[in-house]
Protein chains: 2
Amino acid sequence: MVPLNSPLTRKLSAFVALSDIDLETLARFHRRRRTFLPGHEMIHEGQPNASAFILAEGWALSYKVLPDGERQIVDFQVPGDFLGLRSVLFRTADHSIEAATHIEASEVLTSDIFDAFSHAPRLATAVLWAASRDEAMVVEHLVNIGRRSAEERLAHLLLELGARLMLVGLGDKTGFACPLTQYHLADALGLSAVHVNRVLRHLRDDGLVTFQKGRVVFDDFDRLRKMAGFDTGYLDQDGPLLR
Amino acid sequence: MVPLNSPLTRKLSAFVALSDIDLETLARFHRRRRTFLPGHEMIHEGQPNASAFILAEGWALSYKVLPDGERQIVDFQVPGDFLGLRSVLFRTADHSIEAATHIEASEVLTSDIFDAFSHAPRLATAVLWAASRDEAMVVEHLVNIGRRSAEERLAHLLLELGARLMLVGLGDKTGFACPLTQYHLADALGLSAVHVNRVLRHLRDDGLVTFQKGRVVFDDFDRLRKMAGFDTGYLDQDGPLLR
DNA sequence: CGGTCTGTTGACAGTGATCAAAAAGTGTGG
DNA sequence: CCACACTTTTTGATCACTGTCAACAGACCG
């Protein structure tokens, strides 16, 4: 019943050796099971007192919308990810989160989180680490958009998604199932959908990677990786730092 | 002697009502005073077991360098900011930090931080909040680069720096002292220095903002703000969330 | 006084946006 | 099973924002 081996638990344990109390506290995060339909807005920018979620199944995307209607996707969330932590710590959510597919998730209330931290300080440290890891991904995304060409950006994003999915057993060097549309990629990379399409064709023609029919296939993983300047450093963690 | 009213303490107190133990623990972060010269690399990407710093005086910049030598500045740090937290939580620093000016800072060791968290859990929550606030700034920066024109990006960055400096009493609606070069702005915004220069001239000619001789002057704050779509939401915090 | 760093300007090139339209895929109800 | 609507993918033509290259002026420094 208690998912001691949930993806999140596994992830946090990789950083901090969690005590039984920590594990119990963490298990309590999984009490409220929720289901969302594709397109449902789980958290809306500006919403006060939003909850956080632990994603068990499906993909979500966090984004901001500009006054002129343009959208910038900040990050994608895949199973095992903690999402909406910032909207819990702040009074009002500073970004929106939408279900990209059918989603199964556990809802975590603000009170759950603060209670947990006062009873289980190591857990607080672990969550701080997880939040930092998320920030590292946003930073890499920033570098990606700021300084790489459209081709490199696209390659980098697909490689990062692949790497993250491998960690939770949902992908390998061959590729992974991907429910995103080319519009999603465009909104994440600061490009137009038309240009994304052109670049995808080019990458495919070059025998590097194929994005089609809900699946990403790495046709030449090493060459793609080299071309994108992709380095997993910001995702790796060798073993518990705190014992 | 113990700077109970340091900028960092003030910032954290705005989120969590800190106990005496929390405050004492926090004060212990300020034991190791350090000075750095302009251009000094305080943290180097890949460096193992780096320290964190609390900036008392001067400006720093965190950045990543790509294989081809291009640099992307991720964030600027101004007095009162906590910097390098991620490089403490990770085994190796995932980004570099360089002093832009002469810097006065307190060095915080990894052990300080972990000890603090086990003795003062509320402090851990406060630091998590501060880290999330930093992440919110990186996210806004990402949106800035991904979806805004060069002109809007520049205006937005100058407004954000202004807002942050106002919080620590180093600027007002008139403007602020700014030690950055146009190269810094270019590296932060994903633009070329030449283009930054052109856009700055345009903004100046339009009577919006002037960036010259180490000073940013807001010639028409409201119009600039409107043009950039600048909203301070992601920086605001009304009062302690946790009592 | 020469060297270096920063700021400034012009000419030209190229990446990626925009506009337009068609093809292919997906789902729905009759 | 088909017709229809809608979303997603694809391609072409054109345009503009921004990068690159080059040169020079001014400030600062030893």
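Residues numbered from 1 in each chain as written. Chains lettered and ligands numbered in written order. Predicted model: local features only at pLDDT ≥ 70, side-chain atom pairs only at ≥ 80, totals over all residues. Heavy atoms only, no water.

1. Some details on the sheet that holds strand β9 (residues 171–172) of chain B
Sheets are built from strands paired through backbone hydrogen bonds, the pairs being either parallel or antiparallel. All names here are of chain B. Which entries qualify depends on this criterion: The rule for pairing is simple: two strands pair if DSSP sees at least two bridges between them. Counting from the N terminus, the helices are DSSP H or I runs at least four residues long and the strands are E runs at least two residues long.
Strand order in the open sheet formed by 4 strands is β9-β10-β12-β11, and the pairing between neighbours is antiparallel. Single-partner strands in this sheet number two, and they are β9 and β11 (209–212). Bridge count for strand β10 (residues 175–177) against strand β12 (residues 215–218) is 3 bridges, and the pairing is antiparallel. Bridge pairing in β12 places alanine 177 opposite arginine 215.

2. A closer look at the interface of chain A and chain B
Our working definition: Two residues qualify as a contact provided that any one of their heavy atoms is within 4.5 Å of a heavy atom in the partner residue. By buried area we mean the combined loss of accessible area, with a 1.4 Å probe, across both parts when two parts are placed together. Salt bridge, as used here: a side-chain nitrogen of Lys or Arg that lies within 4 Å of a carboxyl oxygen of Asp or Glu. Counting of polar contacts relies on pairs of N or O atoms within 3.5 Å, with two restrictions inside protein: one atom must be capable of donating a hydrogen and the other of accepting it, and residues adjacent in sequence are counted only when both atoms are side-chain atoms.
The interface of chain A with chain B comprises 50 residues on the first partner and 50 residues on the second. Taken over both partners, the interface formed by chain A and chain B buries close to 4600 Å², and the fraction arising from carbon and sulfur atoms is 67%. Viewed at the interface, chain B and chain A are joined by 8 salt bridges. Its salt-bridge partner being glutamate 135 of chain B, residue arginine 86 of chain A comes within 3.1 Å of it at the nearest N-O pair. For the pair chain A and chain B, the interface holds 12 residue pairs in polar contact (both at pLDDT 80 or more). For the side of chain A that touches chain B, the secondary-structure elements that each account for two or more residues are β5 (71–77), α3 (85–89), α4 (110–119), α5 (121–147) and α7 (182–189) of chain A.

3. Quick look at the packing of helix α6 (residues 150–167) of chain A against α7 of chain A
Residue and element names in this part refer to chain A. What counts, and what does not: To define axes, lines are fitted to C-alpha atoms, for helices over the stretch in contact only, and angles between the resulting N-to-C directions are given on a 0 to 180 degree scale. In these notes the angle categories are as follows: under 35 degrees is roughly parallel, over 145 is roughly antiparallel, 65 to 115 is roughly perpendicular, and the rest is oblique. Classification convention: Asp, Glu, Lys, Arg as charged; Ala, Val, Leu, Ile, Met, Phe, Trp, Tyr, Cys, Pro as nonpolar; all other residues, Gly among them, as polar.
In the contact formed by α6 and α7, the axes pass within 11 Å of each other and the chain directions differ by 110 degrees. The orientation of α6 relative to α7 falls into the category roughly perpendicular. On α7, the residues touching Arg153, Leu154 and Leu157 of α6 are Leu185, Ala188 and Leu189. When the residues that make up the contact of α6 with α7 are grouped by side-chain class, the tally is 5 nonpolar, no polar and 1 charged.

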